[in-house]
Structure formats: C-alpha cells, structure tokens
2 protein chains.
Amino acid sequence: MSQGDALRDRIIGTFESMPPQLQQAARHILEHPDEVALVSMRELARNAGVQPSTMTRLAKFLGFAGYEDIRAHHAQAIRLRVDGFAAQQERASTSDEGLAQQMLHSLSLQIARLGEPASIARLEAAAERLARARRIYVLGLRSCHLVAWHFHYVMTLLGERTEHLDGPAGTVGDGLMRAGAKDVLLAISINPYARHSLELAQLAREKGMGVVAITDSEVSPLNGVADEVILCATESPTFFHTLAPALAVSEVLCGLLANRDRAAALEALQKADRHLLALNTYSSAIPRRQ
Amino acid sequence: MSQGDALRDRIIGTFESMPPQLQQAARHILEHPDEVALVSMRELARNAGVQPSTMTRLAKFLGFAGYEDIRAHHAQAIRLRVDGFAAQQERASTSDEGLAQQMLHSLSLQIARLGEPASIARLEAAAERLARARRIYVLGLRSCHLVAWHFHYVMTLLGERTEHLDGPAGTVGDGLMRAGAKDVLLAISINPYARHSLELAQLAREKGMGVVAITDSEVSPLNGVADEVILCATESPTFFHTLAPALAVSEVLCGLLANRDRAAALEALQKADRHLLALNTYSSAIPRRQ
DNA sequence: TCCACATTGCAACGATTGTTTTACGAACTA
DNA sequence: TAGTTCGTAAAACAATCGTTGCAATGTGGA
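Computed from a prediction, not measured in an experiment: that's the story for all the values here.

A.B. asks: What is the right way to read helix H2 (residues 20-31) of chain A from this model?
C.D. replies: Side chains of residues three or four places apart in an α-helix project in the same direction, reflecting 3.6 residues per turn. The end-to-end C-alpha distance of H2(A) is 16 Å, a good match for the 16 Å that twelve residues give at a rise of 1.5 Å each. For H2(A), every residue scored as buried is listed here: Leu22(A), Gln23(A), Ala25(A), Ala26(A), His28(A), Ile29(A) and Leu30(A).

Structure, rendered in structure tokens:
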C-alpha cells in the first residue's frame, strides 16, 4: 500500500525494542492504519486492547511530541490516497514541494479527474446540446471571463454561431434580446457566483432557451436553471481559485464540437488562416520596426 | 467519485431548501468529504466559515440525531474506498479512449510536466523578476488574451501594480507610453505569434524595460527579447492549440507573487471582498427577478 | 535475597469536543 | 408600522478528548 512511508518504517524498525504493550499498540496501528485517523485515541486503544496512555507512550517512544503527530500522519496518508495514482506520478519529490510544484501537481490531478467516465458523459451531453443550438450565447463574468472568451474565440474561428455576452457599460445582457427557444446559453460561473450571471441565466431559462453551465459544485445555483451541467474543480493551495480546469472544459467542448464535422472545421480554420494571413497578423520572428 | 452515496444525494436534494448558512456548511462538506472524517467539527466549521452550531443544525436538518452521524458516514466511505482498487485498474485497461478523454489526459500530463525542476526554476526566476518591477505591463493578444486577462485580474485583486495592454481600436500599445527601465513587460504569445505582440515586446526591450515571456518553444521569437522565458506546451489532439498550460503558468506566477507577502495579499483580498460585497456583486442562489 | 529499574494500570487533569441555550437582528406578515 | 417569525452569533454546557503523575507490578543483576 504505502511503501514510501517514513512513520511505518520507523515503527517496524523499532518494533523489536518495544515493550510488549507498545508492540501490541504498534501492531494494531500497522494493521489498521486508517482507523488511526478515523477514531479517537481512546477508542483505538480500546480496539487494540491497551490503555489509552500506551498510545501516548508509543508516540513519545517514536520520537514525537504526542499522539497527535501520529494521527496527523495517517490523516495525511488518507488525503494523499484520494489522489489515487499520486504514487504513479513520482515518488521522489513527495516530501518537500514548493508552492509552484504543489499547484501544478494539484492542477494536473484535477484535470485528470475530468477524464473520469461520469465527467466525460456530462461533457459529451453538453457538447450535444450545444451542437443542436441555433446560436450559442456565451456568458462568463469576472474571473470566468477568460473561459467565456476562449470558447467564443475558438468557436469564432470555426464558424459563426456564437455570441459573447460581455458588453461594456452594463450592456452585458443586451445580446440576449433576440435570443429564443432554439438558442442555448453557455454560462460559466464559479464560487463566488456573480449575481449578474445568475440573473441572466435565469432570464435565458424564462425565455425558453437551453442552458449549459460550467460550474464548480453539485449545489451551484446554476444547477437549478441549466439543462446540462459540467463540474470542474477550483481548489488551489493559493489564496484564489484556479480556472485551468474550467478552461480545459472549454477546450474539450470546442474539441468535441469541431470533431462533429471535421471537414467543415478544417475548412473554416483554413479560411480563418487565409484571412489572418492577408492581414499580416502573425509573424515568426521579431519584426523590424520602422 | 461516489455516486452511490445516500447522504450526498440527500444533501444535494435538500440543498435548495436550506438557509444560507446551512448551504455554506453543506457546500463545504460536499467539496471536502474526506475532511469531515479527518478533522474535528469545530475545525471543519472554521474552514467552512460557519459557526460550530451550524454543523449540528445541518445534521438535524438532514434528519440525524447529531453531527456524529455525518462523521461516521464519511469515515465509512473512507474505509470502503480502501478496497476500491477495481475501478482504477479498469480505468487503466481501457485503451480505447474518446477524444475528450485523450485531451484531458494529455493536458494533465502537460501540466504535470511544468512541475519538473527545470521548469520550476524558470517560474521562480520569472516571479522574482516580476516582484522587483515597479509596474507590470501585461500583453497577450488573440488566443493569449485570456492568459493576460487572468494575470491582470488576479493581480488587481492583490494590488495596483499591473496594467493590461488591450486597448480597443488599435490602442493596444498606448499603455507603454510611460513605462520605463524599472518596469517589466509580461508578454504571452504562442505559435502562431501575433506580430503586434512581438513588436511591442521589442519596443519594451528598447525602452530598457524588463521582459518576461510565457511562450511555447525554445525557438520562440520572444526568446530573443525576454530576460526570463517560461515554456509551456500547446499541442492538442484537436485542430487548435491548448492554452490551459499557459493559464496554469499564469496562476503559478500569481501564486508565487502572492506568497511573497502573504499578510499583504490576504489583506488586499479582504479589502477587495468588502468592496465587492458592498456592491452586491455576488450571490449564492438564483436571485429573484422583479 | 534484595535492590534498581523498566513497564504497566489507574485516576485525575486541563483542554477541546459537540451540543444546547440564549439573545439579538433581519425579514416577512397583517 | 407593529408584531411575529425566522436565522444567526455568542456563550454556556456536559462529555470526551489526549495527557500526565503516581503507585503497583514485574524483571534482571548483585
């Protein structure tokens, strides 16, 4: 199960030199590692058939300040196991990671988790719904702006069916004026949810539009108004939320939509290419400035 | 992860009818199910931002005798998961993946690769350079707009030192007018490189500004003008490039910068929170429309 | 045999837990 | 507008927690 476990090795290594009661306690911990974090010390001692104080003494024998250190260790082991194949990634640098490494590791896992079957099914259902729409209105305010913008940008390269709701000076929602039952609103919102986004999603619903949501929780307010909901993680070791998984979702949706008619998508992209080429938009070297 | 979870379904089902505080508690439990079993109720309440009593009330609201029932449920879920290797093995054996799964898998790897030591070193060097700057000008055109926008948005919440170069009607570069040797340009550009981005980066260089680049290749044109370069993958099984790794880079940079003075960052965020709260920007439920 | 010492069980300690009570304030109703 | 209900925050509560001191027990060396 856990081969790179320092505490476990320590217990095994010093087991022989323990007094009988400590051995009994230690054996029970080795055989029921999860219980250590899940029940109180007294109950663990009861199950192990030793006195509560023996657990404390075991902790000190192992060089810890108190039993709390042992519990913390096993709790952490559970937390890490949640990320299942964390072991698969790399064993070397698990102990002391910098913030950057932590962030990237966690991001990688969060995106990998989007690949689970339940999540894939939601993505495909959402893509299906979007594909059937006459027009797609894209809404993402504040932090979610970047996701909405990305979706709209890519879809614009692919065709003409999207409209980005981000007017200045409070005109965000104006784009919905001509929207109707055949259209779909793609709403992106994460906690804290922008009030305006929720209002517009609700309005879209009332207009009979389809609603597809990218959000962060089973209990996001968007669940109530959306036909299709895609969940993405936003947790981050920093002060703010991450949007990379949400962006990944947007990219997957674009990918699925483009994949429905590969020939058409390819042609649209080539057309866009020619257009941008004609405008001298791109360059592959630092241009000489005049 | 846990689809056959009665308690979870119960929480989701009754979520709408909960008072706000209960919702906040419930949301935290849904998002951190393991923590329920691993930390004390008081600490869980603290992390959820609610009173301890709210957790008890949530338990009663859900029809339990007390909080202990909730903890017991989550503890049992952890115990059962120990035997849950089957799902993982099955996942590993399915070589026939759909496009969505392919994309997410590849994305996950690309971001994990950003955590390699060489890459981490570049990220930290770039953060160091940005931290020393008087002002940070952020430039990302076309597809890279979302990355630039993200960096600017987060940094604005943290303080006042960034300016986003994205003026309309061809005024993109105007912001650099007053920029000087003490400032830094953060330029984001991937293949195909927007000509305008390269020109502005070159201009910044000539003005004596520092240049930090997020780009996609060792031979990107930005290599020539930037003091610090961060590379991120952009390949995708679709027709277009992925920007999720680039966004991840931006998030890491923000994280590293915020981490340099955690107290100040926290204070700035709280200030921003109060401001947005006063403006009634956010909501956690669909607002009633009048 | 006796002593020194390690090990153990037990009881009590303060700290912290989960819960209940209380009082205040907001939101709704008539 | 006054009255009422509802939701929340804070304090008080008993219970349980992990820990510690001490006496009882067992063990090995002189």
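Moving on from the model shown.
A.B. asks: Hey, could you run me through the pattern of salt bridges in this one?
C.D. replies: According to the stated counting rule, one finds 15 salt bridges over all chains in the structure shown. Linking Arg79(A) and Glu35(B) is a salt bridge whose minimum nitrogen-to-oxygen distance equals 2.6 Å. You can see Arg79(A) sitting in helix H6 (residues 67-82) and its partner Glu35(B) sitting in helix H3 (residues 33-38), one on each of two chains. Taking relative accessible area as the criterion, Arg79(A) reaches 26% and is therefore assigned partly exposed. We note a salt bridge from Arg135(A) to Glu163(A), for which the minimum N-O separation is 3.6 Å. You can see Arg135(A) sitting in the loop between helix H9 (117-132) and strand E1 (136-140) and its partner Glu163(A) sitting in strand E2 (residues 162-164), a full 28 residues away along the chain. Overall, Arg135(A) belongs to the partly exposed group, its relative accessible area being 26%. The class for Glu163(A) is partly exposed, based on a relative accessible area of 25%. The network of salt bridges with common partners includes Glu128(A), Arg132(A) and Arg260(A).

A.B. asks: It is not clear to me how the packing of aromatic side chains should be interpreted in this structure. Could you clarify?
C.D. replies: Aromatic ring pairs are reported here in terms of the distance separating the ring centres and the angle at which the planes meet. Residue and element names in this part refer to chain A. For the coordinates displayed, the defined rule picks out two aromatic pairs over all chains. Where Trp149 meets Tyr153, the ring centres are 5.0 Å apart and the plane angle is 15°; that geometry is what we call stacked. Residue Trp149 and its partner Tyr153 are both found in helix H10 (residues 145-158); the two are separated by four residues, about one turn of the helix. Each member of the pair Trp149 and Tyr153 is classed as buried.

A.B. asks: Looking at this structure, how should I read the protein's contact with DNA strand C?
C.D. replies: Among the 19 residues in the neighbourhood of DNA strand C, the closest are listed as Gln21(A), Arg57(A), Met41(B), Arg42(B) and Lys60(B). Sugar and phosphate atoms form 61% of the subset of DNA strand C atoms that lie within 4 Å of the protein. Within the backbone of Met41(B), one N or O atom sits 2.7 Å away from a phosphate oxygen of DNA strand C. The leading source of residues in the surface near DNA strand C is helix H5 (residues 52-61) of chain B, at five residues. Residue composition of the surface near DNA strand C, by class: five nonpolar, seven polar and seven charged.

A.B. asks: Would you mind showing me how to read the interface of chain A and chain B here?
C.D. replies: In many analyses, interface size is given as the accessible surface area lost on bringing the parts together. The partner chain B presents 84 residues to the 87 residues of chain A that form the contact. Around 7,700 Å² of area is buried between chain A and chain B when both sides are counted, 70% of it from carbon and sulfur atoms. Our count for the contact surface shared by chain A and chain B stands at two salt bridges. Where chain A touches chain B, the interface holds 15 residue pairs in polar contact (both at pLDDT 80 or more).

A.B. asks: Please clarify how the side chain of His74(A) should be interpreted in this entry.
C.D. replies: Residue and element names in this part refer to chain A. Position of His74 relative to the elements: it lies in helix H6. Overall, His74 belongs to the buried group, its relative accessible area being 9%. Apart from residues lying up to four places away in sequence, His74 is in contact with Leu7, Ile29, Pro33, Val36 and Ala37.

A.B. asks: I tried to follow unusual backbone geometry on my own but got confused; where do I start?
C.D. replies: When glycine is set aside, most residues are seen to have a negative phi, and most peptide bonds are trans. Residue and element names in this part refer to chain A. Of note, the amide linkage connecting Asn191 to Pro192 takes the cis form, showing an omega dihedral of -5°. By the secondary structure assignment, Pro192 is in the loop between strand E3 (184-188) and strand E4 (193-194). Not every positive phi belongs to a glycine, and Arg142 is a case in point at roughly 55°. Within the secondary structure, Arg142 is located in the loop between E1 and H10.

The rules we used
- Residues numbered from 1 in each chain as written.
- Chains lettered and ligands numbered in written order.
- Predicted model: local features only at pLDDT ≥ 70, side-chain atom pairs only at ≥ 80, totals over all residues.
- Heavy atoms only, no water.
- Helix = DSSP H or I, 4+ residues; strand = E, 2+ residues; numbered from the N terminus.
- Expected span 1.5 Å × (residues − 1).
- Buried < 20%, exposed > 50% of the residue type's maximum accessible area, 1.4 Å probe, protein only.
- Salt bridge = Lys/Arg side-chain N within 4 Å of Asp/Glu carboxyl O.
- Phe/Tyr/Trp six-rings, centres within 6.5 Å; stacked < 30°, edge-to-face > 60°.
- Near = heavy atom within 4 Å.
- Polar contact = N/O pair within 3.5 Å; in protein donor to acceptor, adjacent residues only side chain to side chain.
- Nonpolar A, V, L, I, M, F, W, Y, C, P; charged D, E, K, R; others polar.
- Contact = heavy atoms within 4.5 Å.
- Buried area = accessible area lost by both parts, 1.4 Å probe.

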